[in-house]
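Observations on the model geometry
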Amino acid sequence: MDLDVFVTAHRAEWDRLEQLLGRGRRLTGAEADELVALYQRASTHLSLIQSSAPDPMLTGRLTQLVARARATVTGARRAGWRDAARFFTEGFPAAVYRSRHWWIPTALLSTAVGVLLGWWIATHPEVQGAIATPEDLKALTKPGGGYETYYSSNPAGSFAAQVWTNNAQAAAVCLVLGAFLGIPVLWILFVNMLNLGTGIGLMASAGRLDVFLGLILPHGLLELTAVFVAAGTGLRLGWTVIDPGPRTRRAALAEQGRAALGMAIGLAVVLFVSGLIEGFVTPSGLPTWARITIGVAAEVLFLTYVYVLGGRAAAAGDVGDVEAADQTATLPTAA
């Protein structure tokens, strides 16, 4: 394509489209029809330029022009309660369901790493000595020690809010930094599993592993599942950078990125629930079996929610992205 000839042939149409857009709603019927036709042509022109002779300045101008025209033609749409309901009944569970091939292996491998670290620490006194002094270790693991009093160290409400904030930030970091080839996500996972393994190892060495599990399982099942979902989604986003599939890298990242940001909102709600359990159930006077039962029930409800509602929405074609009306126009590209 001769870009100069192409621009000369169609500049008048683009200028006319820009002129019509500048008039806002003050258009006659004929002018509105003309705007729609010019918008369609400009979209085709942008596609041709992107696939045959990409020029940054021209592409930028036409992209902005097409976006403005699209907003004018389709009209602005305000988000409402219906959108929120659709997100939590279709979009979010579909996104979690569709990424299950990433977060389930992430969960299994991470848990295995945490257990192995716990076994290593429990069976190697020299490793325990490198973590803390014998006096400090005893203060952590004894009845009424650091591990037990941690969950009641602050009022339940403020503790739950603090836990929720920290976990939501960790999940968001996994989702956002996944684009960096997933490397930061692996580090966050390792730190989480190291903390878990340290608790398992130290309490097991003190003969109190059952107490530790009774404290960690009520909230930890749902909390770690949310972290694993975030990490798996972040890793999937990182892999999209390497292998975007049949789409352009930009289009693939845009779709996965929008789904990841939406997932951050959904996981914040999940982590809010786990924070409530950690703040009010874990340190409560309920029997251990009752506290663990509450944690297992929360986990089962979440997985049922993902596999039933998410599986149904995914089968209907929902990928967890925003609605088509809110997406940037996807233009055809040459093969």
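Residues numbered from 1 in each chain as written. Predicted model: local features only at pLDDT ≥ 70, side-chain atom pairs only at ≥ 80, totals over all residues. Heavy atoms only, no water.

Details of the overall build of the protein chain
Spelled out, the test is: A run of DSSP states H or I qualifies as a helix once it reaches four residues; a run of E qualifies as a strand once it reaches two. Both are numbered from the N-terminal end. Categorising residues by exposure relies on relative accessible area from a 1.4 Å probe, with only protein chains included: less than 20% of the type maximum marks a residue as buried, more than 50% marks it as exposed, and the intermediate range marks it as partly exposed. Between two residues, a contact is recorded if the distance between any of their heavy atoms is within 4.5 Å. Using the Shrake-Rupley algorithm and a 1.4 Å probe, accessible areas are obtained, with residue cover drawn only from the displayed protein chains.
What the protein chain contains, in helices and strands, is 13 helices and 0 strands. Listing each helix as α and each strand as β along the protein chain from the N terminus yields α-α-α-α-α-α-α-α-α-α-α-α-α. For the protein chain, with 335 residues in total, the buried portion stands at 40%. The contacts in the protein chain between residues at least 6 apart in sequence include a share of 77% that link residues at least 24 apart. Approximately 17900 Å² of the protein chain is accessible, and the part contributed by carbon and sulfur atoms is 65%.

Considering the UniProt feature "transmembrane region" (unreviewed entry) in the protein chain
Formally: UniProt positions are given in the numbering used here, feature names are shortened, and annotations may be inferred rather than shown by experiment.
When the UniProt feature table is mapped onto this chain numbering, "transmembrane region" (unreviewed entry) sits at residues 102-122, 170-191, 211-238, 259-277 and 289-308. Taken end to end, residues 211-238 has its terminal C-alpha atoms 38 Å apart, with 100% of it in helix and 0% in strand. Taken end to end, residues 259-277 has its terminal C-alpha atoms 27 Å apart, with 100% of it in helix and 0% in strand.

Here we look at a nonpolar patch on the surface
Short version of the rule: Only residues whose relative accessible area exceeds 30% and that form no salt bridge are eligible for patches; like-charged ones are grouped when within 9 Å, while nonpolar side chains (Val, Leu, Ile, Met, Phe, Trp, Tyr) are grouped when within 5 Å. Note on definitions: salt bridges are taken to be side-chain nitrogens of Lys or Arg within 4 Å of carboxyl oxygens of Asp or Glu.
There is a patch of nonpolar side chains on the surface, built from V113, W187, F190, V191 and L194 and spanning about 430 Å² of accessible area. It is helix α10 (residues 183-205) that provides the largest number of residues to the nonpolar patch, a total of 4 residues. Along the chain, the position of F190 falls in helix α10.

What about α10?
The test is simple: Expected helix span is taken as 1.5 Å per residue step, with the number of steps being one fewer than the number of residues.
Between its first and last C-alpha, α10 extends 32 Å over 23 residues, near the 33 Å set by a 1.5 Å rise per residue. Along α10, the residues that are buried comprise V185, I188, L189, M193, L196, G197, T198, G199, I200, G201, L202 and M203. Backbone geometry just downstream of α10 places G207 in the positive-phi region, at approximately 75°.

A look at the packing of aromatic side chains
Operational definition: A pair of aromatic rings is counted whenever rings of Phe, Tyr or Trp (Trp by its six-membered ring) have centres within 6.5 Å, and the orientation is called stacked for planes under 30 degrees apart, edge-to-face for over 60 and tilted otherwise.
Scanning the entire structure with this criterion turns up 9 aromatic pairs. Ring geometry for F92 and Y305: centres 6.3 Å apart, planes at 40°, overall tilted. Residue F92 is found in helix α4 (residues 81-98), and its partner Y305 is found in helix α13 (residues 288-315); the two are separated by 213 residues along the sequence. Taking the centre distance of 5.7 Å and the plane angle of 80° together, the rings of Y147 and F212 count as edge-to-face.

What to know about the nonpolar core
To be explicit about the condition: Put simply, buried Ala, Val, Leu, Ile, Met, Phe, Trp, Tyr and Cys residues joined by side-chain atoms within 4.5 Å make one nonpolar core.
Ranked by size, the top nonpolar core spans 46 residues in total, and within it F92, V96, F212, M263, L267 and F302 carry the most contacts. Looking at this core element by element, the count peaks at 10 residues for helix α11 (residues 209-242). Once residues lying within four places of it in the same chain are set aside, the contact partners of F302 are F92, V96, L222, T225 and V270. Listed in part, the 17 residues of the second largest apolar core include F6, L38, Y39 and L62.

Considerations on α4
Think of an α-helix as 3.6 residues a turn; residues three or four steps apart then line up on the same face. Quick reminder of the rule: Here the bend at each residue means the angle between axes fitted to two seven-residue stretches, the one ending at that residue and the one beginning there.
With 18 residues, α4 ought to run about 26 Å at 1.5 Å a step, and its terminal C-alpha atoms sit 24 Å apart, in line with that. Residue F87 marks the point of greatest curvature in α4, where the axis turns by about 50°. Where α4 is concerned, the buried positions are D83, F87, G91, F92, P93, A94, A95, V96 and Y97. The inward-facing, buried residues of α4 abut α5 (100-123), α11, α12 (249-281) and α13.

Thoughts on the environment of S43
Position of S43 relative to the elements: it lies in helix α2 (residues 29-52). Given the relative accessible area of 12%, S43 is considered buried. On a C-alpha basis, the gap between S43 and L65 in space is 9.1 Å, while along the polypeptide they are 22 residues apart.

As for the confidence of the model for the protein chain
In low-pLDDT regions, the fine details of the predicted coordinates are not to be read closely. Just so we agree on the cut-off: What pLDDT expresses is the predictor's confidence in each residue, scored from 0 to 100.
Confidence in the prediction of the protein chain, expressed as mean pLDDT, is 83, and 90% of residues score 70 or more. Looking over the protein chain, one finds the lowest element-wise mean pLDDT in helix α9 (residues 156-177), namely 75, and the highest in α5, namely 95.

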